[in-house]
Amino acid sequence: MSYTIKEQFEYKKLSCKERGIDWDFTLETFTIFWGLRSELRCFYTGQAFNLIKNKGKLTKDYPTMERLDPALPYSPESVVWITHESNQLKSKFIEQGNNRKNQTPTTLGIINKIEKVLNNPKALSTKFQVYKDAYNKELTTLAKENIKVMTEKKEADKWKLEKRFMQHYLTI
C-alpha cells in the first residue's frame, strides 16, 4: 500500500508525539524534505536509495529519517535520510551495543562506515551541509514559485478591479 505525503507527514508527526519527541516540520517543509530522497544518498554509507517498497515492507535500501542528535526535534535542521539497513544496524550494534560476533563482513563494513561518520565531527558537518544545500535550494525554488503565483494573482485581481471600475463608469 502506498501512502500520500500528507499521510506520511501525519503518521510521523503522531509517532513523534507518542514518543515525546518534538516535530518541527510543516507539511510544506516535510514535502520538500521528502522529495530530496530521490537526489540524496544515505548519510552514513553514501548508498543510493530504493524508493520502492517490497510488498509494503521496507527494503534494506529504503530511506528512513534519522535525527543526528536525539536531543533535537525532527526538523529540516536536524534530520537526514539513511537506509533502513543502516538505521537497523546503528540501533542494534551502536546504540544498543549488541555483540558483533558472527556478523558478515558486509554488515561489519556498514557499521564501520556509520561509526566513522559519527566519530568525525568534520565529516558530520560536511555531509550535513550537502543536505542543507539541497533543502535550501528546493526552498528557494518553492519561494520563487510562490512569489510568481502571488504576482500573477495580483495582476489578475488588478485587471478584474480595473474591468469592474470601467464597467461601472461606462454604465453611468
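One can find the structure itself at the top, above this paragraph.
Nothing here was measured: the structure is a model prediction, and the numbers come from that model.

**Student:** How would you sum up the nonpolar core? Please name residues and give values.
**Tutor:** In this structure, Trp23, Phe25, Phe33, Phe43, Met65, Tyr74 and Tyr131 are the most contacted members of the largest nonpolar core, which totals 32 residues. At the level of secondary structure, the elements contributing two or more residues to this core comprise helix H1 (5-19), helix H2 (27-35), strand S2 (79-83), helix H3 (84-95), helix H4 (105-118) and helix H5 (121-170). Beyond its immediate sequence surroundings of up to four residues, Phe43 is in contact with Leu68, Val80, Trp81, Ile82, Val117, Leu124, Lys127, Phe128 and Tyr131.

**Student:** Break down the packing of aromatic side chains for me, citing the residues and quoting the values.
**Tutor:** Per the counting criterion, the structure on display carries 12 aromatic pairs. Ring geometry for Trp23 against Phe30: centres 5.7 Å apart, planes inclined by 50°, an arrangement best described as tilted. Note on Trp23: relative accessible area 13%, which makes it buried. Measuring from ring centre to ring centre gives 5.9 Å for Trp34 and Trp81, while their planes differ by 80°; the resulting arrangement is edge-to-face. You can see Trp34 sitting in helix H2 and its partner Trp81 sitting in strand S2, a full 47 residues away along the chain. For the pair Trp34 and Trp81, a shared accessibility class is recorded, and that class is buried. Feature note: the residues Phe9, Trp23, Phe25, Phe30, Phe33, Trp34, Tyr74 and Trp81 constitute an aromatic cluster, connected by ring pairs. One cation-aromatic arrangement involves Arg37 over Trp34; the distance from NZ or CZ to the ring centre is 3.8 Å.

Conventions adopted
The residue numbers shown here count from 1 along each chain, following its written sequence. Note on the predicted model: pLDDT of at least 70 is required for a residue's local features to be given, and 80 or more for side-chain atom pairs to be given and counted; whole-chain, interface and lining totals, by contrast, use all residues. Excluded from the side-chain calculations are hydrogens and water; all other atoms, namely the structure's heavy atoms, are used. The definition of a nonpolar core used throughout is a set of buried Ala, Val, Leu, Ile, Met, Phe, Trp, Tyr and Cys residues joined through side-chain atoms within 4.5 Å. Only protein chains enter the area calculation, which uses a 1.4 Å probe; residues under 20% of their type maximum are buried, those over 50% are exposed, and those in between are partly exposed. Only runs of H or I of at least four residues qualify as helices and only runs of E of at least two qualify as strands under DSSP, and these elements are numbered from the N terminus. Whether two residues are in contact is decided by their heavy atoms: any pair within 4.5 Å suffices. Each Phe, Tyr or Trp ring (for Trp, its six-membered ring) is paired with any other whose centre lies within 6.5 Å, and the angle between the two planes then decides the class: stacked below 30 degrees, edge-to-face above 60, tilted in between. For a Lys NZ or an Arg CZ to count as sitting over a ring, it must be within 6 Å of the ring centre and within 35 degrees of the ring normal.

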